[in-house]
Amino acid sequence: MEGLFFNANTGFLEGIVRGYKAGILTPSQYANLAQCETLEDFRTQLSATDYGNFLANEPLPISTSTIADKATEILVEQFKYLRRNAVEPLRKFLDYITYGYMIDNVILLITGTLHERDTHELVKRCHPLGVFDSMPVLCVASNVEELFHSVLIETPIAPYFRDCLTASDLDDLNIEIIRNTLYKAYLEDFYEFTTSLGSPTSDVMHRILAFEADRRTINITINSFGTELSKESRAKLFPTIGRLFPEGNNQLAKADDIDQVRQICENISEYRSFFSDAPSAHSGGSNGDGFGAMAAQLEDRFFSTEVHLNKQAFLQQFQHGVFYSYLKLKEQEIRNLTWIAECIAQDAKDRIQDFIPIF
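Cut-off values and rules
- Residues numbered from 1 in each chain as written.
- Predicted model: local features only at pLDDT ≥ 70, side-chain atom pairs only at ≥ 80, totals over all residues.
- Heavy atoms only, no water.
- Helix = DSSP H or I, 4+ residues; strand = E, 2+ residues; numbered from the N terminus.
- Rg over C-alpha atoms; globule rule 2.2 N^0.38 Å.
- Buried < 20%, exposed > 50% of the residue type's maximum accessible area, 1.4 Å probe, protein only.
- Contact = heavy atoms within 4.5 Å.
- Salt bridge = Lys/Arg side-chain N within 4 Å of Asp/Glu carboxyl O.
- Core = buried A, V, L, I, M, F, W, Y, C linked by side-chain atoms within 4.5 Å.
- Expected span 1.5 Å × (residues − 1).
- Polar contact = N/O pair within 3.5 Å; in protein donor to acceptor, adjacent residues only side chain to side chain.
- Axes fitted to C-alpha atoms, helices over the stretch in contact; angles between N-to-C directions.
- Left-handed = near helix turned anticlockwise from the far one by under 90°.
- Nonpolar A, V, L, I, M, F, W, Y, C, P; charged D, E, K, R; others polar.
- pLDDT = per-residue confidence, 0-100.
- Arc of directions from axis to C-beta.

### Focus: the overall build of the protein
1) Next: Broken down by element type, the protein carries 17 helices and zero strands.
2) Next: Computed over C-alpha atoms, the radius of gyration of the protein comes to 21 Å, within 12% of the 21 Å expected from 2.2 N^0.38 for 359 residues, which places it in the range of a compact globule.
3) Next: Its C-alpha atoms give the protein principal-axis dimensions of about 55 × 50 × 50 Å.
4) Next: Every one of the 359 residues in the protein was classed for burial, and the buried ones make up 49%.
5) Next: Across the protein, contacts joining residues at least 24 apart in sequence account for 63% of those joining residues at least 6 apart.

Here it is in structure tokens:
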């Protein structure tokens, strides 16, 4: 019965997104791309995949940013097609996906306004999935207070600003604190919405959103070491969802070094491998090159776990999680393509395999 009602409204689009997923690059296609000597060869190899001739009209030499932009355009068009044909509650679910990108775009405009940059130029750099109809209104604002009030009135993410920040906060707070405050509200709201959709969508999305919340909590903790951010302020930035919540969050709020973060994360079996090779604080892991290498390694392991969770979403039918997961898998694929293209352009073949495989 569940499948009957789901398919009546969403079955067609679920079939479409699963078809899109079948076009994700395979290991053999990655192997062919990694053997390319030039970006022209890279373009030729990509033309044999579902990307087709998306770079055919681009003049040589092709830049890696062009490859990323054009691949993103394809993904955005696919997402817009799904959104145009969706009905409730899938339409609202897809809207929630875009809110994260909207937050990043608004933060970019706030940063530009604070530094008196031309916001019309910044709009061109905004992520296309986070563009909303009233965005040009934000560009008219001449100061941060005007921008804040425009956001409250004109944007779908207004509730997150209204409940978490004031106009004076935009001047006083570090921009990353503002971003994390908004993302905390967004993740909690998205989690609550997926709960209202019921199983199996809530089962799939709770796993994914819980990991995303934990990832942000761990990153906030590590990035706050050696800064002026107090432990009380750090704790306020942690989402109140996730597998680390509440005990892990409380402990991370009091952590002083990477060793304590490692010990706390080891309480979650899936998170133990995140710090398995990380240097300890006593061996110089909290500063300099050691900390930078550890952060890069940790980020890669986060991405690998995210890929694993999003692949699992496709093992269950009659749920909306596949739409979120496909988008995230394609974003990882675009990062992989950009990495391989950069290695080819810079003749760094020894690092060309350092991407996150999807299959």
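Having seen the structure, we can now continue with the description.
### Things to note about the pattern of salt bridges
1) Next: Inspection of the entire model under this criterion finds 19 salt bridges.
2) Next: Across the pair Lys 124 and Glu 121 runs a salt bridge whose closest N-O atoms are separated by 3.5 Å.
3) Next: Using a relative accessible area of 65% as the deciding quantity, one classes Lys 124 as exposed.
4) Next: A salt bridge links Lys 184 to Glu 188; its shortest N-O distance comes to 2.9 Å. You can see Lys 184 and its partner Glu 188 sitting in helix α11 (residues 175–197), four residues apart, about one turn around the helix.
5) Next: Using a relative accessible area of 17% as the deciding quantity, one classes Lys 184 as buried.

### As for the nonpolar core
1) Next: By size, the foremost hydrophobic cluster in this structure holds 106 residues, and its most contacted members are Phe 42, Phe 93, Phe 190 and Ile 218.
2) Next: If one sorts the elements of this core by residue count, helix α5 (residues 90–114) sits on top with 13 residues.
3) Next: With near-sequence residues (within four places) excluded, Phe 42 lies in contact with Leu 33, Cys 36, Ile 67, Leu 337, Ile 340, Ala 341 and Ile 344.

### Here we look at α11
1) Next: Taking 1.5 Å per residue, 23 residues should reach 33 Å; α11 reaches 33 Å between its end C-alpha atoms and fits that length.
2) Next: Regarding α11, its N-cap is Asn 174, as a side-chain oxygen of that residue lies 2.7 Å from the backbone nitrogen of Glu 176 further along.
3) Next: Just downstream of α11, Gly 198 is the residue with a positive phi angle, here 80°.

### A closer look at the environment of Thr 98
1) Next: With respect to the helices and strands, the residue Thr 98 is situated in helix α5.
2) Next: In this structure Thr 98 comes out as buried when scored by relative accessible area, which is 1%.
3) Next: Once the C-alpha coordinates of Thr 98 and Pro 156 are considered, the two residues, 58 residues apart in sequence, prove to be 9.7 Å apart.
4) Next: In contact with Thr 98, other than residues within four places in its own chain, are Phe 79, Arg 83, Leu 129 and Gly 130.
5) Next: At 2.5 Å, the side chain of Thr 98 forms a polar contact with the backbone oxygen of Asp 95.

### Describing unusual backbone geometry
1) Next: Note the cis peptide between Leu 60 and Pro 61, where omega equals -5°.
2) Next: A cis amide bond links Ser 199 with the next residue in sequence, Pro 200, at an omega value of 5°.

### A short note on the side chain of Lys 328
1) Next: Checked against the element boundaries, Lys 328 lands in helix α17 (residues 321–345).
2) Next: The residues touching Lys 328, leaving out its near neighbours within four places in the chain, are Tyr 101, Glu 306 and Asn 310.

### Brief notes about the packing of helix α4 (residues 64–85) against α5
For any two helices packed against each other, the geometry comes down to the angle between their axes and how far apart the axes lie.
1) Next: Remark: α4 packs on α5, axes separated minimally by 9 Å, with the N-to-C direction vectors making an angle of 145°. Along this stretch, α4 crosses α5, giving a crossing that reads as left-handed. For the pair α4 and α5, contact is made by Phe 79, Leu 82 and Arg 83 and by Arg 91, Leu 94, Asp 95, Ile 97 and Thr 98, respectively.
2) Next: Split into classes, the residues belonging to the contact of α4 with α5 amount to four nonpolar, one polar and three charged.

### Some thoughts on the confidence of the model for the protein
Low-pLDDT portions of the prediction should not be read for the details of their coordinates.
1) Next: Looking at the protein, pLDDT values average 89 and 93% of them are 70 or higher.
2) Next: Across the protein, the element-wise mean pLDDT spans from 66 in helix α10 (residues 167–172) up to 97 in α17.

### What to know about helix α2 (residues 27–34)
Along an α-helix, a turn takes 3.6 residues, which lines up residues three or four apart on a common side.
1) Next: Those residues of α2 lying buried are Tyr 30, Leu 33 and Ala 34. For α2, the angular spread of buried residues about the axis comes to 95°, placing them on one side.
2) Next: Considering only its buried residues, α2 is in contact with α3 (39–46) and α17.

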